[in-house]
Amino acid sequence: MPELPEVAAVARRLHESAAGRTIVSAKFPFARTTRPQSGAALARRLKNRKILKVTRRAKNILIHLPDDDLLRIHLGMTGELYTADAASDVSPRARFALDNGREIIFEDSRHLGRVNLIHPRDLPAFESGYGVEPLSDEFTEEWLREHAARSRKPAKLFLMDQSQVAGLGNIWAAESLFVARISPFRAMNSLKPAKVRALHAAIREVLQAAVDSAYLNYSKPGETERGNTFPFAVYGRAGEPCLRCKRKIKRMVQGGRSTYYCPNCQR
DNA sequence: AACACGACCTGGTAGC
DNA sequence: TGCTACCAGGTCGTGT
């Protein structure tokens, strides 16, 4: 489910519902959730800590605690994070009881997500895995031109590389490339300046629209609906007509993932 | 260093 | 209806 726009929406909602609250207790019924950390040890360190704010970095949700500790939640493919009335009947991967009688629930059917505590001394190691935030001022056309010139990767794999551009995933990388009319297989260092400019603009435009849409989808308190109703231009549309040229959208496997594109107008 | 590929998991759905 | 095969928006480790 979650790429940058969806994670941003979840983080924002969690901030609205949980910032200022104190974690009374935490439970991790599955060892896998907190790997490689111990669930019991993590629960001890969360007890009676106040939630200062909730932010996002790449596809991580960061719950800021006192003493610069960060509770980091990665949703994986199927993670859902929300606040609910206590004693709800779900059996989640993690449960955080709050001092107002509600709790933060982390569900994740595929167990691909995780919850960890990041101590300030481990922050540099955490940060070193991630590149520029594509909606930040740091992500400029110049940034993209310089980094594109240094990578022989196919454009789609470059965009999905979290150490380059943090937060793009399979859907929004494909959508950005469609808008910029660039083939997902095109080597980054072969892009001419005009294409780089188009790609930079496309990423900003597509992500900003998705962020707005995702927030709307998640904006109602208590709502936990899944799925993204955003009208995709290419993602998941194999065999359907291209919105620009009417030729068929194609699905290919690239880097082990499905890639959707228009072979006619993406070059 | 850079890439490909399987592993990690469960659940939904298309097809027989 | 039931079974099988494939697919899923993400990493992570291992091997070349």
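Our subject is the structure that appears above.
## A word on the overall build of chain A
- The number of helices and strands found in chain A is seven helices and eleven strands.
- Here the C-alpha radius of gyration of chain A, 20 Å, is about what a compact globule of 267 residues would show, namely 18 Å.
- For chain A, the spread of C-alpha atoms along the principal axes amounts to about 55 × 40 × 30 Å.
- Taken across its 267 residues, chain A has 52% of its residues classed as buried.
- Sequence separation of 24 or more characterises 65% of the internal contacts of chain A that already satisfy a separation of 6 or more.
- As displayed, chain A has an accessible area near 12400 Å², and 51% of this comes from carbon and sulfur atoms.
- Measuring between centres, the 44 positive side-chain charges of chain A sit 7 Å from its 28 negative side-chain charges.

## Structural notes on the side chain of His-74
- Structurally, the position occupied by His-74 is in strand S5 (residues 70–74).
- A polar atom in the side chain of His-74 sits 2.9 Å from the backbone nitrogen of Gly-76.
- Residues in contact with His-74, not counting those within four places in the same chain, are Lys-59, Asn-60, Phe-106, Gly-113 and Arg-114.

## Topic: the nonpolar core
- Judged by nonpolar contacts, the single largest core of 30 residues is most densely connected at Leu-144, Leu-159, Trp-172, Met-188 and Leu-199.
- Elements with a contribution of two residues or more to this core: helix H4 (141–149), helix H5 (155–160), helix H6 (170–180) and helix H7 (193–218).
- In terms of residues, this core owes the most to one element, H7, which gives eight residues.
- Look past the residues within four positions of Leu-159 in its chain and what remains in contact with it is Val-165, Leu-168, Ala-173, Leu-177, Leu-199 and Ile-203.

## Let's talk about the sheet that holds strand S2 (residues 49–50)
- Spatially, five strands are ordered S2-S1-S7-S8-S6 in an open sheet, and the strand pairing comes out antiparallel. The sheet terminates laterally at S2 and strand S6 (79–85), the two strands that pair on one side only.
- Pairing of strand S7 (residues 94–98) with strand S8 (residues 102–108), which is carried by four bridges, proceeds in the antiparallel orientation. Counted as the bridge partner of Arg-95 is Ile-105 from S8.
- Sheet contacts for helix H1 (residues 4–18): S6, S7 and S8; angle to S6, the most-contacted strand, approximately 20°.
- Across the sheet, helix H2 (residues 39–46) lies against strand S1 (22–27), S2 and S7, angled at about 170° from S1, the strand it touches most.

Criteria and thresholds
- The numbers attached to residues start from 1 for each chain and follow its sequence in the written order.
- A letter from A marks each chain and a number from 1 marks each ligand, given out in the order of writing.
- At least 70 in pLDDT is required for a residue's local features to be given in this predicted model, at least 80 for side-chain atom pairs to be given and counted, and no such filter applies to totals for whole chains, interfaces and linings, which use all residues.
- As a convention, hydrogens and water are excluded, and side-chain values are obtained from all of the structure's heavy atoms.
- Here a helix means four or more residues in a row that DSSP labels H or I, a strand means two or more in a row labelled E, and each is numbered from the N terminus.
- Both definitions apply: the radius of gyration is a C-alpha atom measure, and the globule rule equals 2.2 Å times residues to the power 0.38.
- Burial classes follow relative accessibility: with a 1.4 Å probe on protein chains only, a residue under 20% of its type's maximum area counts as buried, one over 50% as exposed, and anything between as partly exposed.
- Residue contacts follow a heavy-atom distance rule, with two residues in contact if any of their heavy atoms lie within 4.5 Å.
- Only the protein chains shown count as cover for residues, and the accessible areas themselves come from Shrake-Rupley with a 1.4 Å probe.
- The charge count includes Lys and Arg as positive and Asp and Glu as negative, but it does not include His or the ends of the chains.
- Working definition for charges: the position is that of NZ of Lys, CZ of Arg, CG of Asp or CD of Glu.
- Definition of a polar contact: a pair of N or O atoms within 3.5 Å, with one able to donate and the other able to accept a hydrogen when the atoms are protein atoms, and with sequence-neighbouring residues admitted only if both atoms are side-chain atoms.
- In plain words, nonpolar cores are sets of buried Ala, Val, Leu, Ile, Met, Phe, Trp, Tyr and Cys residues tied together by side-chain atoms within 4.5 Å.
- Paired strands are those between which DSSP finds at least two bridges.
- Angles here are taken between N-to-C directions and fall from 0 to 180 degrees, while the axes themselves are lines fitted to C-alpha atoms, restricted in helices to the stretch in contact.

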